[in-house]
Structure formats: structure tokens, C-alpha cells
Amino acid sequence: MRYLLGFIACSLFVVSTLKAQSPKNSSATDIYHSIEKLNFLGTALYIAAHPDDENTRLISYLSNNVKARTGYLSLTRGDGGQNLIGPELRELLGVLRTQELLAARRVDGGEQFFSRANDFGYSKQPSETLEIWNKEAILGDVVRTIRKFKPDVIINRFDHRTPGSTHGHHTSSAMLSFEAFDLANNANAYPEQLKNTSTWQPKRLFFNTSWWFYGSEEKFKEADKSNMLHMDVGTYYPMLGMSNNEIASLASSQHLCQGFGRLTSRGTEDEYVELLKGDLPNDKSNLFDGIDTSWSRIDGGKAIGEILYDVQENFNFKNPTTHIPALLEAYQLLQKSTDEHWKELKTDEITSIIASISGLYLEASTMSPYTNAGEIVDVQIQALNRSDIDIKLKSLFLNEQSINIDNVVLNNNKSLEKKVKLTIPTTTKFTSPYWLMEKGTLGTYTVTNTELIGKPETPKAFNAIFNIEINGIAIPIVKPVMYKYAKPEKGEIHQPFEIVPEATASFADKVLIFANASSKRIPVTIKAHKDSISGTIELKYESGWQVDKNSQPFTIAKKGDEQIVFFTLSPPATENESSISPIIRLNGNEISKELVTIEYDHVPTQTVLLPSEAKVVRLNIEKAGENIGYIMGAGDEVPTSLEQIGYNVQLIDPTTITKESLQKYDAVVLGIRAYNVIDELKFKQRFILDYAKNGGTVIVQYNTASRWGNQFENIAPFKLEISRDRVTNENSNVEIIAKDHSLVNFPNKIDQADFNGWVQERGLYFPNKWADEFTPVLEMHDEGEDSTKGSLLIAPYGKGNYIYTGLSFFRELPVGVPGAYKLFSNMLSIGKDKVEKKEKIKG
Ligand SMILES: [Zn+2]
């Protein structure tokens, strides 16, 4: 991060585009760059599956070198990944990664789109992906994006012809793009979309190939390239003071939660695209060759082009205001064009260039980050002209509300400031990410308002419309109402202005495990989003469960404050899974939402409303042993889960491990990828293995095969080789092959039913070779694949036991999968049956 900031400070261009939370300022070179882009009427769309799949080098090249309007359609928001910088997972991670993509596009100059597809987890085959995604729906979303964005060329990141060679989502993205290329122009396909958009035929479809897809650089060198285009994307932009690769690396480095901060490559860089559909260009370094990308392509464009090419040709860097009359003339001509698509886009671009040239600063800001429907808030208006151009503010609207400002002349550098009242209509919807407003399926988000599909984020609820007159020509400029404040250590911050409920409620634990019949005291946190509220809260639960109180009153004096109330929940007598949710009754409204804030420096603060609920699970778990030592690896929630079923779990700092320090534990568990991420374990491994030898139980969860071999040959006391074997279908059949082993009998009897209801996958990175000392316990496989016995291996070692498991306990325990709890409890209890037997004999 330090490196990144230092780097940014050197580059004006990036400073102006990178800071998400500040208004954009444009230097004369930025303005010139915008004029070059204004004069290129061509569009490219890049398509892949996840945030970070996109080739930022090519996107930046198309946007900054070719000057094309360039978009990235990421079919998913990356909800299924892991998060290296904070606690957000699943849909919240999707919200964060959406913003990281937007941050990347602010750097490389692209635009961002999504489909409704959910990144539900790994799939080996596109057939599996497309079944879970609902192919018809997602294909429709790709068609819709093409019809709206109207790209001349489309570039797929992945190869549609090689299913099984990469993540099923990847191949699916290419297959859908291949199909949508023709469907977009077919009026019989998805006809309902044509109410709001029109058919479109892109000219060319490419696959962004590279040596990687050929297995080696040698093989790629020899490959037939007659159907390929080749570009050097390592180009340097003197205007920007950066090379294309430097911009691309900065863009990629916005994917912080995926750990994508990386070194920048500089110098020549080859990029290849293979033609899949359309005609092969004569100029095999130009994707747009033969496509009219001049102003002449639109109705009335020729005259506009004559004006604007001249502005570009004779651009006055010292005093760009000299171009205002010409830009205004082009603006007026453009309004007469019948080409609605280009008219809208280019009107926005010219408006923004005129505003930049005149240093026009327009802002509508609130004093609070959020309010409620029905409230009245103060909005601070600022309008400032920083040029000698004749500019008037004719009128001002906040959405439809007219604000009393009449025809004010904006004199050079004399700020117009005014505080006005904004009434939030009682019908205003909460401003949460639109794709999370309704419950979706495993593979697809539900979006009722089809006009929102494809958009990266929910459009801002409130906008200020400044009706400006420049040299007598009326130009409306729209600015979202935002929240502005200063942090002493960070300076001025601009953040979205949100509409939230008057109060929200949340559970501290999203899954509550009842290991036996004992009741639990459940804290519920009520948060006020308005001053002086009072109401009642109750718990909604299903039959069989019991709560001590029906309803409790609460009163909170100040906006932002919280109150915790407790309910005692008793489980049913037998095993059961259901859910509870809080219901707040306030001023005649019923609220059952929780509010989550996502706050990082590299993206704007996000406010997300989610249904507030907790899963409650009544189990019948037997366990032996009490004290568990846990060595955290890459991060998982297993310790909390074990505490829920009554274990005493202590996190072990690896640096403190000594010969004696582990003896007090009944078992020592290593968190996921511990050997991949903790170098210290190199030095402490012998103590861990000695602990097992002396009678302890060591349980190692999955590690990846990379960084393995040489460093951690002694990860297990006997030979054990990790492979990339994984079973990704969470419903795949599991066979218990060591039926008599204590691991599946004590203290809980494990049977087939315990493998029901698993989520996301069975497990990953299973060993495929092991010494005879190990007993494989389970056998499983994905459909059409060889079965693997490496998911759960146990070996006696000295007086104790060593267990290696790639089963995804880190996914199953946090969501309360009963069978996973029983099996984990058995692993922790291994060896204790002998102790019990001995005690019985003695007694
Ligand atoms: Zn991917």
C-alpha cells in the first residue's frame, strides 16, 4: 500500500482518476486526452467471469491508446472468493469486489458491467455452471449488455472450445459471449428487452489468447497465427507520463481483497487476439480496421467532426478556454442528431470537457451519510466558475424539487454557496445494492426491475440538476447528492448519501449451534438511524423452538447509538435446523433488516441492507476432550464454531510454540493453508509432530500444493503428497471405507446422512499418495471422474494420532452443517475412547 501511494503521488493523471472519494480534477493534458476519446466513435467489450479475470493491459490499451469506449462485462461479482483484507464474504464480498472493479476502471479508463450470475463456487465443467446459473437468464444478460453498450468488437478472455481446461465459470463466459454475438441482433431473441433498447450486431468476436492457453511459450511460438491480430501493448504515453503497463498494473492492484498488488512490468508487451467471428482485418494490429470510428458514422456527425478534429489538432494547452465556443457549437449540432445512442454518450462527454475547461465546480453535499424516508435534510450547494467564460446558473433542481435559485451569474472564482432543504419522499426506497434486495437462487440474483440489470451499482437516489447557461447556451449538468466530511488523518472524503430504515437489528452470530438441550441467551443489537426512537422488538422463530419473552420495548436517544436486548432461546428435543429473525416494530413499520457498512480507503463506503437472520441448529453431538489449540492459517471461522459446541479453544501464536507448550491441549488444529502462509511453522513443525508422538492429536486442514514440497517435506510424520484433487459437487456421493475405524464411530456414529446438506464443495487439495501408516477413511468423486480416497487420512504416531483432511470444514461449520460437526468432533476425540475403556476396566 505504501508503495502504491508513493507511486500515485508521482503521477498527475492517476491522482486525478484514482481517488474514489474525491471529485475529479482535470489538467490540460487530461482534457486533451478526453478530446481524443471524444473523437473516436468505436466501442470494445471485454467479457470474462470474475473480477480480476480481465486483462487490464488490453483494456487500458483499447481505452488509452486506441481511445475506444471500452467495457468489461464480468459475469459475476466474485462473491465466492476469499478476502485477504477484511471479514466480508459471499454477497458482501461481491459488493466489495464490485467496487474494486469500479476502482480499477477509474484507473484504466474502462466501464464496468455485470450479469445476475452468482459466483457460487468452483465448478469443473461449464455444463455444471450453466445449470446452476440458469443459462437462459445469464445469456439474456449478455445479450442485453451487447444491445445497450453496442460494441463493434467483443473480446473473450477465455476459450469457448476447451471445456474442463479451466474453471467452469470461465469457459461458460466465453460460450455465452459466442452465442450472444448473433442473438443480440435477432429480434426474436429476448424480445422483451427491445422495449428499452434495440438490436445490435457487433462486427468481430475475438478470443484474447496467449501462450498460457498453448501450454508453453515454445508451442505458442510455433502456433499458426494467420487468424490472429497482434498488438504491442507496452506503449508509453508521454501525455500521461506513464506506460500502458504501468496503468494496467495500477488498475489490477485495485483488487486488494484478492491480494493482487503486484510489481509493474515495463517495456514491450505482446498481446494476441484470435478472430472467432466476423471478417479478418487487413491491418492485423487494429481490432477496428475497416470499421468507421469517425464522427461520420452518425447522423449529422460530419459537421461535428470538422469542428472537434480541429480542436484536437490545434489544442491550446496554456489556455483551453479558447475552445469553448467551438465545443458549444459541436454540442448544439449534436443535439440535432437522430442517433440517440451516440447523442447521449457524446453529449455527456462534451459537457464534462466544457466543465473541466472552465474549472466549473458543482457540488450538492449533505452533513450526514444517511437519512430516512420522510425526513427533511440540509443540502449544501456550491457552484463555482474558475474561468472568464460567461456562465450563469439558471435554475437548480434536487430530483423534481425546484430550488429557489434564479439566474445567478457565476463570476470568475466567486463561489456561490447556499444551504437548501431536501425533502425525502416517504416512498423512497432504501439505497442498498439492487441485486441483494430480493432472495436469489444459488446461481442467480433476482432483480425485478430489469432496467437495473447489467449496472455495476444502484443508481444514486438523489441528484442535483444544475441548469447552466454558457455563452447563452443551456446545458444541464447532473451531480449526485453526496456526503462530504473531513477526517483529520485523511482529509476531505466524499461518500455516497444513503436512505436507510429508522432502525435495524442484527445477531452477533449468524449460526447458533445447540449441541444439546440447553438453552442459549441470544443478544440482539438494535441500531438507531434516527434520533429518539422507541418501539418494540420480538423474535420470529419456528415451531419446536421456544423464546422466553414475546416482545421487548426499546428506546434509543441518538442516531448511530445501539442497544442490546437478550432473548433466551430453547431448542427442540430432537435434531432440528431452522432460522430466527428479529422484528422491530416502530411507528407502524415492521423492520427485519440489518445494516452492514463496508469501509476501505480504496473504494467508496458501501451501505448494505440484508435480511437479518440467524440459522439455529439443534444437534446431538457427543464429544470427548475439552481444550483445543488452534493455529490460524489463511483465516477461517472454525475456532468460533468449535466454541459453539462447547470446546475451549485457544488460538496459538506460532512463535510461542515450544516443546512443552502444546501438552495442555487435547488436540491441536491447524487452520486452512497454515503451512502456505506461516513461515514460522518451518521451525516449529518438530514440536508439533513430537506433541502427536507423545500422545496428542494433530489435525491439519487443507494446504495448497504450491510452496509445499521442498519447504515442508516433514508436514506429516510419514510420506504424504498433496495433489490438486478436489470434489467440487457438494452433493456428490461419499462412501465410508474404514467402517470400523473409531474416527467414524466414536463418540458419534457417522453414516451417509451426515454428508447431506453440505455447501459449496466436499473438499480440495486432497493428497493422492501416502505411506502405509495412513488409513483413508472416505472415498468420493465428482461425476465422471476417478474416485479419491485422500479427503480424510489418519495415522497413529507414537502414542498419539496425526490427521490430514482436505474436507471443507471451514465452509461447513460456519453455516451449521450437522454431519460436519459430528465428524470434526470425532477427529478431536480420537484416542479418547481407549482412555475411557481403560478407565472402565480400572473401575
Ligand atoms: Zn476467474
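Everything numeric in this text was worked out from a predicted model, so none of it was measured.

What counts and what doesn't
Here the residue numbering is sequential within each chain, running from 1 through the sequence in written order. Two thresholds apply to this predicted model, a pLDDT of at least 70 for residue-level local features and 80 or more for giving and counting side-chain atom pairs, whereas whole-chain, interface and lining totals are computed over all residues. With hydrogens and water set aside, each side-chain value is computed from the structure's full complement of heavy atoms. Nonpolar cores were defined as sets of buried Ala, Val, Leu, Ile, Met, Phe, Trp, Tyr and Cys residues, with membership established by side-chain atoms within 4.5 Å. Partly exposed residues are those whose accessible area sits between 20% and 50% of the maximum for their type, while under 20% is buried and over 50% is exposed, using a 1.4 Å probe and protein chains only. Only heavy atoms enter the contact rule, under which two residues are in contact if any of them lie within 4.5 Å. Labels follow the DSSP assignment, with helices taken as runs of H or I lasting at least four residues and strands as runs of E lasting at least two, numbered in each case from the N terminus. Only when DSSP finds a minimum of two bridges between them are two strands counted as paired. Ligating atoms shown are N, O and S within 2.8 Å of the metal, or 3.2 Å for Na, K and Ca, and water is not included, meaning a site may look less than complete. Pairing of N or O atoms within 3.5 Å defines a polar contact, subject to two protein rules: one partner must be a possible hydrogen donor and the other a possible acceptor, and residues neighboring in sequence count only if both atoms are side-chain atoms. To pair, rings of Phe, Tyr and Trp, with the six-membered ring standing in for Trp, must have centres within 6.5 Å; the planes then decide the type, stacked if under 30 degrees apart, edge-to-face if over 60, and tilted in the middle.

**Some details on the nonpolar core**
What tends to happen in soluble globular proteins is that the nonpolar side chains get buried as a cluster. Counting residues in each nonpolar core, the largest one holds 78 residues, and the members touching the most others are Leu778 and Tyr802. The contact partners of leucine 778, leaving out residues within four places of it in the chain, are Val734, Glu735, Ile736, Ile737, Phe755, Thr788, Lys789, Ser791, Leu792, Leu807 and Leu823.

**Structural notes on unusual backbone geometry**
Looking along the chain, the bond that leaves phenylalanine 746 and enters proline 747 is cis, with omega of -10 degrees. With respect to the helices, strands and loops of the structure, proline 747 is situated in the loop between strand S39 (734-736) and strand S40 (763-770). The phi torsion at arginine 90 lies on the positive side, around 50 degrees, for a residue other than glycine. Counting through the fold element by element, arginine 90 comes out in helix H5 (residues 90-108). Its identity is not glycine, yet lysine 150 carries a phi of approximately 55 degrees, on the positive side. Mapped onto the elements of the fold, lysine 150 is located in the loop between helix H7 (135-149) and strand S4 (153-156). Using a relative accessible area of 10% as the deciding quantity, one classes lysine 150 as buried.

**Points about the sheet that holds strand S34 (residues 627-631)**
Judged by pairing direction, the sheet is mixed, and its seven strands sit side by side in the order S35-S34-S36-S37-S44-S43-S41 without closing on themselves. Looking at which strands have only one partner, the edges of the open sheet turn out to be strand S35 (648-651) and strand S41 (775-776). The pairing of S41 with strand S43 (residues 792-797) spans two bridges and is classified as antiparallel. Paired with proline 776 across the bridge in S43 is leucine 793.

**Concerning the coordination of the zinc ion**
Taken together, the protein donors to the zinc ion comprise His50 (ND1), Asp53 (OD) and His170 (NE2), at separations of 2.1 Å. Donor residues for the zinc ion, ordered by position in the chain, follow H-x2-D-x116-H. Here the residue aspartate 53 occupies a position in the loop between strand S1 (43-48) and helix H4 (56-65), and histidine 170 occupies one in helix H8 (residues 168-183), the gap between them amounting to 117 residues. Histidine 170 shares its class with aspartate 53; the two are buried.

**Quick notes on the environment of tyrosine 821**
Along the polypeptide, tyrosine 821 turns up in helix H18 (residues 818-828). Using a relative accessible area of 2% as the deciding quantity, one classes tyrosine 821 as buried. Put simply, tyrosine 821 and asparagine 620 are 201 residues apart on the chain and 9.9 Å apart in space, counted from C-alpha to C-alpha. Here tyrosine 821 is in contact with Ile513, Leu619, Ile621, Ser641, Ile645, Leu813 and Gly816, once residues within four sequence places are set aside.

**Concerning the side chain of serine 115**
Of note, serine 115 is situated in the loop between strand S3 (111-114) and helix H6 (126-133). Using a relative accessible area of 5% as the deciding quantity, one classes serine 115 as buried. At a separation of 2.7 Å, a polar atom in the side chain of serine 115 contacts the main-chain carbonyl oxygen of leucine 75. A distance of 3.0 Å separates a polar atom in the side chain of serine 115 from the backbone nitrogen of alanine 117. Not counting the four nearest positions on each side in its chain, serine 115 is found in contact with Leu73, Ser74, Leu75, Ile138 and Asp141.

**Let's talk about the packing of aromatic side chains**
For the structure shown, the criterion picks out 21 aromatic pairs. On the basis of an interplanar angle of 50 degrees and a centroid distance of 5.4 Å, the ring pair of tyrosine 32 and phenylalanine 315 is categorised as tilted. Of the two residues, tyrosine 32 is situated in helix H3 (residues 28-38) and phenylalanine 315 in the loop between helix H11 (301-313) and helix H12 (324-335); the sequence distance between them amounts to 283 residues. You can call tyrosine 32 buried: its relative accessible area is 14%. On the basis of relative accessibility, which here comes to 9%, the residue phenylalanine 315 falls in the buried class. Ring geometry for phenylalanine 718 and tyrosine 797: centres 5.6 Å apart, planes at 90 degrees, overall edge-to-face. Within this pair, whereas phenylalanine 718 is found in the loop between strand S37 (697-700) and strand S38 (720-727), its partner tyrosine 797 is found in strand S43, the two being separated by 79 residues in sequence.

So yeah, pure geometry; function would need other evidence.
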